[in-house]
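Reading the structure
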Amino acid sequence: MLLQLLLPITLQSRGEMRSVGKGFPVNFVRQDITAIDFTVPHLYRFSSPWENPTELLWFGLIIDFTTFYFCALFLLYLLGWRGREGNGGGTA
């Protein structure tokens, strides 16, 4: 889930640099990169939180984590993983 921070985003205007959101399906990190002079369009990658004002959006982080958790559970279910109640050879 945190690998999403490494994916680049193309910014088309200087106004978009004021609030750059990262995360999928909901942004959970927001950075303001207006202090750095970039030409537009600009291919942006997450930069140091010490250099640019960074905000962690807790609600977005919870939504993203929950989405990935349930997608992983669904994928494991489709692949036949059943947990403890699988093909165990116990006696009744």
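Structural notes, computed from the coordinates. The residue numbering used here restarts from 1 in each chain and proceeds along that chain's sequence as written. The predicted nature of this model means local features are confined to residues of pLDDT at least 70 and side-chain atom pairs, given and counted, to a pLDDT of 80 or more, with totals for whole chains, interfaces and linings taken over all residues. Just so you know, side-chain values use all the structure's heavy atoms and leave hydrogens and water out.

In summary, the pairing rule links any two rings of Phe, Tyr or Trp, Trp by its six-membered ring, whose centres are within 6.5 Å, and it sorts them by plane angle into stacked for under 30 degrees, edge-to-face for over 60 and tilted for everything else. According to the stated counting rule, one finds two aromatic pairs in the structure shown. With a centroid separation of 5.5 Å and an interplanar angle of 70 degrees, the aromatic rings of Tyr69 and Phe70 are classed as edge-to-face. For Tyr69, a relative accessible area of 44% translates into the label partly exposed. When its relative accessible area of 51% is taken as the criterion, Phe70 is described as exposed. An aromatic cluster of three or more residues is present, and its members are Phe65, Tyr69 and Phe70. Partly exposed residues are those whose accessible area sits between 20% and 50% of the maximum for their type, while under 20% is buried and over 50% is exposed, using a 1.4 Å probe and protein chains only.

The next point concerns the side chain of Gln31. You can see Gln31 is positioned in strand S3 (residues 29-31). As used in this structure description, the phrase polar contact means that two N or O atoms lie within 3.5 Å; if the pair is within protein, one of them must be able to donate a hydrogen and the other to accept it, and residues adjacent in sequence are counted only when both atoms belong to side chains. A polar side-chain atom of Gln31 sits 3.0 Å from a polar atom in the side chain of Thr54. Should any heavy atoms of two residues lie within 4.5 Å, those residues are counted as being in contact. Not counting residues up to four positions away in its chain, the partners in contact with Gln31 are Met17, Arg18, Ser19, Val20, Tyr44, Phe46, Ser47, Ser48, Pro49, Asn52, Pro53 and Thr54. Each helix is a run of H or I in the DSSP string that is no shorter than four residues. Each strand is a run of E no shorter than two, and both are numbered from the N terminus.

This paragraph deals with the nonpolar core. Generally speaking, soluble globular proteins have nonpolar side chains that are buried together. Residues belong to a common nonpolar core when they are buried Ala, Val, Leu, Ile, Met, Phe, Trp, Tyr or Cys residues joined through side-chain atoms within 4.5 Å. In this structure, Leu11, Met17, Val20, Ile33 and Tyr44 together form the largest nonpolar core, which totals five residues. Setting aside chain neighbours within four positions, we find Met17 in contact with Leu11, Gln31, Asp32, Ile33, Thr34, Phe38, Val40 and His42.

Right, let's get into the environment of Leu6. Structurally, the position occupied by Leu6 is in the segment before strand S1 (9-11). Overall, Leu6 belongs to the exposed group, its relative accessible area being 60%. Taking C-alpha positions, Leu6 is 6.2 Å from Arg45, a pair spaced 39 residues apart along the chain.

This part takes up the sheet that holds strand S2 (residues 20-22). Taken together, three strands build an open sheet; the order of strands is S2-S3-S5 and the sheet is antiparallel. At either end of the open sheet lies a strand with only one pairing partner, and these are S2 and strand S5 (54-56). Here the strands of the sheet are splayed against their neighbours by 20 degrees on average, with no regard to which way each runs. With three bridges connecting them, S3 and S5 associate as antiparallel partners. The pairing criterion is simple: DSSP has to find at least two bridges between the two strands. Lines are fitted to the C-alpha atoms to define the axes, a helix being fitted only along its stretch in contact, and any angle between axes, read from their N-to-C directions, falls within 0 to 180 degrees.

Here the focus is the pattern of salt bridges. Put simply, a salt bridge is a Lys or Arg side-chain nitrogen that is within 4 Å of an Asp or Glu carboxyl oxygen. In this structure the tally under the stated criterion is one salt bridge. Residue Arg30 is joined to Glu55 by a salt bridge in which the shortest nitrogen-to-oxygen separation is 3.3 Å. Note that Arg30 is positioned in strand S3 and Glu55 in strand S5, a separation of 25 residues in sequence.

Scope: geometric values only; no functional claims are made or implied.
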